[in-house]
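Understanding the architecture of this molecule
What follows is each chain in one-letter form.
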Amino acid sequence: MVAQMIEGWNLVIGIEIHAQVNSKSKLFSSSPTDFGSKPNSQVSLIDAAMPGMLPVINKFCIEQAVKSGIGLNAKINKKSIFDRKNYFYQDLPQGYQISQYKDPIVGEGFVEIETENGQKKIGVERLHLEQDAGKSLHDQDPNFTFVDLNRSGIALMEIVSKPDMSSPEEAVEYVRKVRSILRYLGTCDGNMEQGSLRADVNVSVNKPGNELGTRCEIKNLNSFKFIHAAIVYEAKRQIKLIEQGESVNQETRLFNTQSGETRSMRSKEDAHDYRYFPDPDLLPLTLDDDWIKGLQDSIPELPDQIKERFINEYSLSSYDANIIVSDKATSEYFEDVVKNRNPKLVTTWVTGELFSILNKKNLIIEDSPITSKQLGELVDNIENGKISNRQAKEVLEEMCESGKGALEIIDEKGLSQISDENEIESLVDNVLNSNPKNVKKYKNGKEKLFGFFVGEAMKLSKGKANPKIVNDLIKKKLSQ
Amino acid sequence: MEFDKKSLLKLGKLARISISEDKLNNLSKDLNSILEFVDQLKEINTDQVDPTSNSLNQALEVRDDKVDNQNSTEDVLENAPEKEMDFFVVPKVIE
């Protein structure tokens, strides 16, 4: 339906991601950055912009920005400058945000995303460091706004893409990919619910061959679902306006997560006039070649490389590899289980059964009730034929409920599969001997009865017989 | 650079300062004389000079990522004209 509405139109999408640096203290002050603390309990006199306070930059934050830049295949600028971005708002006590304007710490780079038409390169324009603002609460009182400055001054990395995305799906993939890279690097925890990673999306539409349309910016989207929904709504809104002969106003819009609509926040006429200028309290930031080289050497294996390796080392399909590496914790879990085991079987159990349990319980893999070691033990018992796939599912459920190990449950329930050929042969003989009429019918051409014999043998074994051996033996006996 | 009344009012609006009509003339005269003074810098030829954001020839001071939370909520809110439940309270602003 989306495609239908938008068919015949080009979408041009650019995204600004605000990613909170994974630091203990703020960008320019030593206040803590913990989420969910009591209001105004993590505010230094610098964060509250008391007169005479001077900002001193957090070295760790500089490192994280450079690491992120390397992860985004981007140019690291050896000299960057902090500027004041001036605007008046109640949750910005300084009256300006310290940010970077013309000379950001990281320049152009790119990330690669998977699309239905294969790999696509999305350009990154820049990454710069800046301060977060405080938080305004508007719903506490009908006449007043309440302000909490705990977030004020926390370090953010703003990552600006080029307008290279042309569908809501590509936009979501891009944000997913950037988030995944930052999480692998450990520079941002990527927690979107807590606002550690949020996106501003620029959308415009135009007819193929025509010049670019006027863009609108949708602010502060904090889930993949909302990013997708906001773009779809916004594209449809703009197309409708143009088709009705009206024009799109360049403006900033807000997405209402309840109604799924966007509404105007401020138009171009009221647009901020930020009057950027270099912050006289801060000298230019210069980086040393050796220092940058040291960080480059510390970069861990990133999702694209791990995917490549999983495909080569474990013969995973590109599809499966993609699912597994998209999340750092998942790829670590998978690697723990797959060591010395059958990769295909492990992939099935991780992305199939384990994921379905996690989904059902609404858990992330870090909180999985089944450890990688436990899942490995389960897979071992499937691989050595002790239990069937069907039995293994039962064991997994039980592992999840009781926290017991696979072997313990198999023993307790007497589940272990019978793979001993002699034992199964006697079962099969028993079945064939007690059903002489059916054997005769089968031999006279009623081949459908094969399933009946298998079923009887399985029943006799209480479901424990290895189905493959049962099949083989019955086939052999009946053809004698 | 000439500072006319219109840009003066815009500047006032951006800083949330109201400028009354009777003060406009004097204020723009003052600002213009400041700008004229600073404009003298333009007489220097800077063709061969890189733009600089700071005249000190020093490296930026950095600090380690250590938490030091000395200020209490009470200290921080002490000068707030209005406070409630540990929040700063300001007139309703919704953008």
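Numbers given for residues are sequential positions, taken from 1 along each chain in its written order. The order in which chains are written sets their letters, starting at A; the order in which ligands are written sets their numbers, starting at 1. Totals for whole chains, interfaces and linings use every residue, but because this is a predicted model, local features are given only for residues with pLDDT of at least 70 and side-chain atom pairs only at 80 or more, for both listing and counting. For the side-chain quantities, the full set of heavy atoms in the structure was used; hydrogens and water were omitted.

1. Considering the sheet that holds strand E2 (residues 83-84) of chain B
Our working rule: For two strands to pair, DSSP has to find at least two bridges joining them. Strands here are runs of E lasting at least two residues and helices are runs of H or I lasting at least four, both read from the DSSP assignment and numbered beginning at the N terminus.
The antiparallel open sheet is built from four strands, whose spatial order is E8(A)-E9(A)-E3(B)-E2(B). Of all the strands in the sheet, the pair left with one neighbour each is strand E8 (135-137) of chain A together with E2 of chain B. Here two bridges tie E2(B) to strand E3 (residues 87-91) of chain B, and the two strands are oriented antiparallel to one another. Of the residues in E3(B), the one forming a bridge with B:Lys83 is B:Phe88.

2. Details of unusual backbone geometry
In terms of backbone geometry, most residues other than glycine have negative phi values and most peptide bonds are trans. Residue and element names in this part refer to chain A. Despite not being glycine, Arg 275 has its phi angle at roughly 45°, a positive value. Its identity as a non-glycine residue notwithstanding, Ser 315 has a phi of 55°, on the positive side. Along the chain, Ser 315 falls in the loop between helix H6 (303-314) and helix H7 (318-325).

3. Concerning the nonpolar core
Residues and elements named next belong to chain A. Formally: Take the buried residues of types Ala, Val, Leu, Ile, Met, Phe, Trp, Tyr and Cys, join any two whose side-chain atoms come within 4.5 Å, and each joined set is a nonpolar core. We call a residue buried when its accessible area falls under 20% of the maximum for its residue type, exposed when it is over 50%, and partly exposed in between, using a 1.4 Å probe and counting protein chains only. An automatic or database domain assignment supplies the residue ranges for each domain.
Residues Ile 15, Ile 105, Tyr 174, Ile 227 and Leu 378 are the most contacted members of the largest nonpolar core, which totals 103 residues. If you tally residues by element for this core, the top one is helix H3 (residues 168-185), at nine residues. When residues of this core are assigned to domains, at least three fall in each of domain 1 (2-292) and domain 2 (301-413). In terms of nonpolar packing, the next biggest core, distinct from the first, is built from 20 residues, Leu 432, Phe 453, Met 458 and Leu 478 among them.

4. Some details on helix H2 (residues 21-39) of chain B
Put simply, the test is: By this rule, a helix spans an expected 1.5 Å times one less than how many residues it contains. In this analysis, two residues are considered to be in contact whenever any of their non-hydrogen atoms come within 4.5 Å of each other.
For H2(B), which comprises 19 residues, the first-to-last C-alpha distance of 27 Å matches the rise-based estimate of 27 Å (1.5 Å per residue) to within 8%. For H2(B), the secondary structure elements touched by its buried residues are helix H1 (5-14) of chain B.

5. Observations concerning the domain arrangement of chain A
On domain assignment, one finds that chain A holds domain 1 (2-292), domain 2 (301-413) and domain 3 (421-478). Here the C-alpha centroids of domain 2 of chain A and domain 3 of chain A sit 34 Å apart.

6. Topic: the environment of B:Glu74
With respect to the secondary-structure elements, B:Glu74 resides in helix H3 (residues 73-77). Sequence-wise, B:Glu74 and B:Asp86 are 12 residues apart; in three dimensions their C-alpha atoms are separated by 8.1 Å.

7. Structural notes on the interface of chain B and chain A
Definition in use: Throughout, buried area stands for the accessible area (probe radius 1.4 Å) lost by two parts on being put together, summed over both. What makes a salt bridge here is a side-chain nitrogen of Lys or Arg within 4 Å of a carboxyl oxygen of Asp or Glu, nothing more. Distance and chemistry together define a polar contact, namely a pair of N or O atoms within 3.5 Å, with one atom able to donate a hydrogen and the other to accept it when in protein, and with adjacent residues in sequence counting only for side-chain atoms on both sides. Polar here means any residue outside two lists: the nonpolar Ala, Val, Leu, Ile, Met, Phe, Trp, Tyr, Cys and Pro, and the charged Asp, Glu, Lys and Arg; Gly therefore counts as polar.
Every contact between the two is made by 37 residues of chain B and, on the other side, 56 residues of chain A. Both sides together, the interface formed by chain B and chain A hides about 4100 Å², and carbon and sulfur atoms give 57% of it. Linking chain B with chain A are three salt bridges, by the criterion used here. The closest approach of N and O atoms between B:Asp64 and A:Lys59, which form a salt bridge, is 4.0 Å. The tally of links from chain B across to chain A stands at 20 residue pairs in polar contact (both at pLDDT 80 or more). Secondary structure elements with two or more residues in the side of chain B that touches chain A: H1, strand E1 (62-63), H3 and E3 of chain B. In terms of residue count, the dominant contributor to the side of chain B that touches chain A is E3(B) (five residues). Tallied by class, the residues present in the side of chain B that touches chain A amount to 18 nonpolar, seven polar and 12 charged. Relative to E3(B), strand E9 (residues 144-148) of chain A runs antiparallel, the two sharing four bridges. Bridging across to E3(B), A:Thr145 finds its partner in B:Val90.

8. Describing the sheet that holds strand E5 (residues 96-99) of chain A
Residues and elements named next belong to chain A. Ordered in space as E5-E4-E15, the three strands form an open sheet in which the pairing is antiparallel. Edge positions in the sheet fall to E5 and strand E15 (277-278), since each has one partner strand and no second. Direction of pairing for strand E4 (residues 83-86) relative to E15: antiparallel, over a ladder of two bridges. Each residue of the ladder has a partner; that of Asp 83, found in E15, is Pro 278.

9. With respect to the side chain of A:Glu234
All names here are of chain A. Position of Glu 234 relative to the elements: it lies in helix H4 (residues 224-243). Polar contacts involving the side chain of Glu 234 include one to the side chain of Arg 237, which spans 2.8 Å. A polar contact is formed between the side chain of Glu 234 and the side chain of Thr 262, at a distance of 2.8 Å.

10. As for a nonpolar patch on the surface
Rules: Within the patch definition used here, like charges are joined within 9 Å and nonpolar side chains (Val, Leu, Ile, Met, Phe, Trp, Tyr) within 5 Å, considering only residues with over 30% relative accessible area and no salt bridge. For the accessible areas, the method is Shrake-Rupley and the probe is 1.4 Å, while residue cover comes only from the protein chains on display.
A cluster of nonpolar side chains, contributed by B:Ile34, B:Phe37, B:Val38, B:Leu41 and B:Ile44, occupies part of the molecular surface with about 530 Å² of accessible area. The exposure class assigned to B:Phe37 is exposed, which follows from its relative accessible area of 61%.

11. A look at a positive patch on the surface
Residues and elements named next belong to chain A. Selection rule: His is not counted here, nor are the chain ends, while Lys and Arg score as positive and Asp and Glu score as negative. The atom standing in for a charge is NZ when the residue is Lys, CZ when it is Arg, CG when it is Asp and CD when it is Glu.
On the surface, Lys 437, Lys 441, Lys 446 and Lys 448 cluster together into a patch of positive charge. By the element assignment, Lys 437 lies in helix H14 (residues 436-443). We classify Lys 437 as exposed; its relative accessible area is 70%.

12. Concerning the pattern of salt bridges
Going through the model one piece at a time under the given rule, you end up with 36 salt bridges over all chains. Notably, a salt bridge pairs A:Asp273 with B:Lys10, separated by 2.7 Å at the nearest N-O pair. One end of the pair, A:Asp273, is in the loop between strand E14 (261-267) and E15; the other, B:Lys10, is in helix H1, on a second chain. A residue is classified by how much of its surface remains accessible, and B:Lys10, at 44% relative accessible area, is partly exposed.

13. Brief notes about the side chain of A:Glu251
Residues and elements named next belong to chain A. Considering the arrangement of structural elements, one finds Glu 251 in strand E13 (residues 251-256). Among the residues examined, Glu 251 registers a relative accessible area of 11% and is labelled buried. Side chain to side chain, Glu 251 and Arg 253 meet in a polar contact 2.4 Å long. At 3.0 Å, the side chain of Glu 251 and the side chain of Ser 264 are in polar contact.

14. Thoughts on the packing of helix H2 (residues 59-71) of chain A against H3(A)
All names here are of chain A. What counts here: Each axis is a line fitted through C-alpha atoms, and for a helix only the stretch in contact is used; angles between axes span 0 to 180 degrees, taken between their N-to-C directions. Angle categories are assigned with fixed cut-offs, so that under 35 degrees is roughly parallel, over 145 is roughly antiparallel, 65 to 115 is roughly perpendicular, and the rest are oblique. In this scheme the handedness of a crossing depends on how the near helix is turned from the far one: anticlockwise by less than a right angle means left-handed, clockwise means right-handed.
Where H2 meets H3, the axes come as close as 10 Å, and the angle between the chain directions of the two elements is 125°. Comparing the axis directions of H2 and H3 gives the class oblique. When you trace H2 past H3, the crossing you get is right-handed. Contacts between H2 and H3 involve Lys 67, Ser 68 and Gly 71 on the former and, on the latter, Ile 181, Leu 182 and Leu 185.

15. Focus on H14(A)
Residue and element names in this part refer to chain A. Convention followed: By arc we mean the arc of the directions from the helix axis to the C-beta atoms, nothing more.
All buried positions along H14 are accounted for by Asn 438, Val 439 and Tyr 442. Mapping the buried residues of H14 onto a view down its axis gives an arc of 105°, with all of them on the same face. Opposite the buried face of H14, at more than 90 degrees from it, the exposed residues are Pro 436, Lys 437 and Lys 440. Elements that come into contact with the buried residues of H14 comprise helix H13 (421-434), helix H15 (450-460) and helix H16 (467-478). Phi for Gly 445, located one or two positions after H14, is positive at around 115°.

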